[in-house]
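Here's the letter readout for the chains.
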Amino acid sequence: MRLLALHGLTGHGQRWGHLANQYLPEIAVAAPDLIGHGHSSWEAPWTIDANVAALEDLLERESNGPVVIVAHSFGSAIALRLAAAHPDRVSGLVLLDPAVGLDGGWMLEIAEAMLASPDYADAAEARAAKTNGSWAGVDPAVVDAELDQHLVMLPGGRCTWRLSLPAMMSYWSELARDIILPPKGISTTLVRAAWTSPPYVTDRLVADLRERLGEDLRYLTFECDHMVAETKPAEVAALIRERMS
């Protein structure tokens, strides 16, 4: 394994399949489901630290040396803490619209909205929720794959994503934790999605990374919504190759 790919909150590891298979076929990629997501364990604790511990075990088993981590949104919070805890295992970071150190009141609003409406009447409604939101501009075939891989039917006939709702409630709180920075010397690419509103990439995160990393930070803005890898796969693949060179 040379590349570790970490999905965002409510996501799953198979989301990276299009990028890995179509744009990075020569690179060995590990894309696990984070705790409470997909086919991973749904047992508590639902914390960034628990995911870091699980990924430590994965790297111990699967990697022969330092890896590059590409991480989206919530996955970036995990990637930053993993790099801080084990800099010898991380050679570079590619952070896609990271959700780190966010406002606690905003996280409460998002969590309450999700708790109030956690499922959909049918697959068409689930698809519309994606394409009318942060998945705007994503290839329809990639959206189809998302529904095939991640949408599950509930006993009453409604449907939802394959995830633990209690875990999601905990994770929204985790995104309000303090920012943890990687050690100096870990080359990092930070991508802000210009259409994410309100923005997840805060001025404080950018300033802190610049102060810590200096010339080891590359900061870019992509004209897209939050799902950066799904919307701009060729550009993201180029950034990953740059970090792996």
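Scroll up to find the structure this text is about.
A quick note: this is a predicted structure, and the numbers were derived from the prediction, not measured. (Residues numbered from 1 in each chain as written. Predicted model: local features only at pLDDT ≥ 70, side-chain atom pairs only at ≥ 80, totals over all residues. Heavy atoms only, no water.)

K.L.:
Would you take a moment to explain the sheet that holds strand E7 (residues 187-193) for this structure?
P.N.:
Across a sheet, strands are paired by hydrogen bonds formed along the backbone, either parallel or antiparallel in direction. Strand order in the open sheet made by the six strands is E2-E1-E3-E4-E7-E8, with parallel pairing throughout. Of all strands in the sheet, those bounded by a partner on one side alone are strand E2 (29-30) and strand E8 (217-222). Alignment of strand E1 (residues 3-6) against strand E3 (residues 67-72), held across four bridges, turns out to be parallel. Counterpart to Leu-4 in the pairing with E3 is Ile-69. Packed on one face of the sheet, helix H2 (residues 48-62) meets E1, E2 and E3 and runs near 155° to E1. (Pairing = 2+ DSSP bridges. Helix = DSSP H or I, 4+ residues; strand = E, 2+ residues; numbered from the N terminus. Contact = heavy atoms within 4.5 Å. Axes fitted to C-alpha atoms, helices over the stretch in contact; angles between N-to-C directions.)

K.L.:
Looking at this structure, how should I read the pairing of strand E4 (residues 90-96)?
P.N.:
Across a regular strand the side chains alternate sides, sitting on one face of the sheet and then on the other. Along E4, six of the seven residues are buried, which leaves the element largely enclosed by surrounding structure. Where E3 meets E4, six bridges bridge the pair, whose relative direction is parallel. The partner of His-72 across the bridge, within E4, is Leu-96. Once you follow E3 into helix H3 (residues 74-85) and on to E4, the crossover reads as right-handed. Two elements, E4 and E7, share five bridges in a ladder whose sense is parallel. Bridge pairing in E7 places Val-94 opposite Thr-189. (Buried < 20%, exposed > 50% of the residue type's maximum accessible area, 1.4 Å probe, protein only. Right-handed = clockwise from strand over helix to strand, strands pointing away.)

K.L.:
Any chance you could explain the environment of Thr-221 here in plain terms?
P.N.:
Position of Thr-221 among the secondary structure elements: in strand E8. The partly exposed category is assigned to Thr-221, whose relative accessible area is 36%. A distance of 3.3 Å separates the side chain of Thr-221 from the side chain of Arg-192, its partner in a polar contact. (Polar contact = N/O pair within 3.5 Å; in protein donor to acceptor, adjacent residues only side chain to side chain.)

K.L.:
Honestly, the packing of aromatic side chains in this entry has me stumped. Any pointers?
P.N.:
Both the distance between ring centres and the angle between the ring planes are used here to describe each pair of aromatic rings. Applying the stated criterion across every chain yields a total of three aromatic pairs. For Lys-130, the ring lying beneath its charged end belongs to Trp-161, and the centroid distance is 4.4 Å. (Phe/Tyr/Trp six-rings, centres within 6.5 Å; stacked < 30°, edge-to-face > 60°. Lys NZ or Arg CZ within 6 Å of the ring centre and 35° of its normal.)

K.L.:
How should I be thinking about the side chain of Thr-10 in this particular structure?
P.N.:
If you trace the backbone, Thr-10 turns up in the loop between E1 and helix H1 (17-23). The contact partners of Thr-10, leaving out residues within four places of it in the chain, are Arg-15, His-37, Met-114, His-150, Leu-163 and Met-168.

K.L.:
Can you walk me through the pairing of E7 in this structure?
P.N.:
Of all seven residues that make up E7, five are buried, and the element is covered over most of its length. Taken together, E7, helix H8 (residues 203-213) and E8 form a β-α-β motif whose crossover is right-handed.

K.L.:
Honestly, the packing of H2 against H3 in this entry has me stumped. Any pointers?
P.N.:
Angle between the axes and distance between the axes: these two values describe a pair of packed helices. Contact geometry of H2 with H3 gives a least axis separation of 9 Å together with a crossing angle of 65°. With respect to the hand of their crossing, H2 and H3 are arranged in right-handed fashion. The segment H2 lies against H3, with Ile-48, Asp-49, Asn-51, Val-52, Leu-55, Glu-56 and Leu-59 engaging Phe-74, Ala-77, Ile-78, Arg-81 and Leu-82. Grouping the amino acids of the contact of H2 with H3 by side-chain chemistry returns eight nonpolar, one polar and three charged. (Left-handed = near helix turned anticlockwise from the far one by under 90°. Nonpolar A, V, L, I, M, F, W, Y, C, P; charged D, E, K, R; others polar.)

K.L.:
Is there a simple way to explain the packing of helix H5 (residues 123-131) against helix H6 (residues 140-150) in this structure?
P.N.:
Where H5 contacts H6, the two axes come as close as 11 Å, and the packing angle between them is 130°. In terms of orientation, H5 lies oblique with respect to H6. In this structure, H5 meets H6 at a crossing whose hand is right-handed. Between H5, through Ala-123, Arg-127, Lys-130 and Thr-131, and H6, the contact on the second element is made entirely by Pro-140, Val-143, Asp-144, Glu-146 and Leu-147. (Parallel < 35°, antiparallel > 145°, perpendicular 65-115°, else oblique.)

K.L.:
Can you walk me through the side chain of Ser-76 in this structure?
P.N.:
Its location among the elements puts Ser-76 in helix H3. Owing to a relative accessible area of 0%, Ser-76 belongs among the buried residues under this scheme.

K.L.:
Would you mind going over the nonpolar core with me for this structure?
P.N.:
Buried together is how nonpolar side chains tend to be arranged in soluble globular proteins. Among the nonpolar cores identified, the biggest contains 62 residues, and Leu-4, Leu-6, Ile-69, Leu-93 and Trp-172 are the most heavily contacted of them. If one sorts the elements of this core by residue count, H3 sits on top with seven residues. The contacts of Leu-93, once residues within four sequence positions are left out, are Ile-69, Ala-79, Leu-80, Ala-83, Pro-182, Ile-186, Ser-187, Thr-188, Thr-189 and Arg-243. Of all hydrophobic cores here, the second largest spans 22 residues; its members include Val-70, Phe-222, Val-236 and Ile-240. (Core = buried A, V, L, I, M, F, W, Y, C linked by side-chain atoms within 4.5 Å.)

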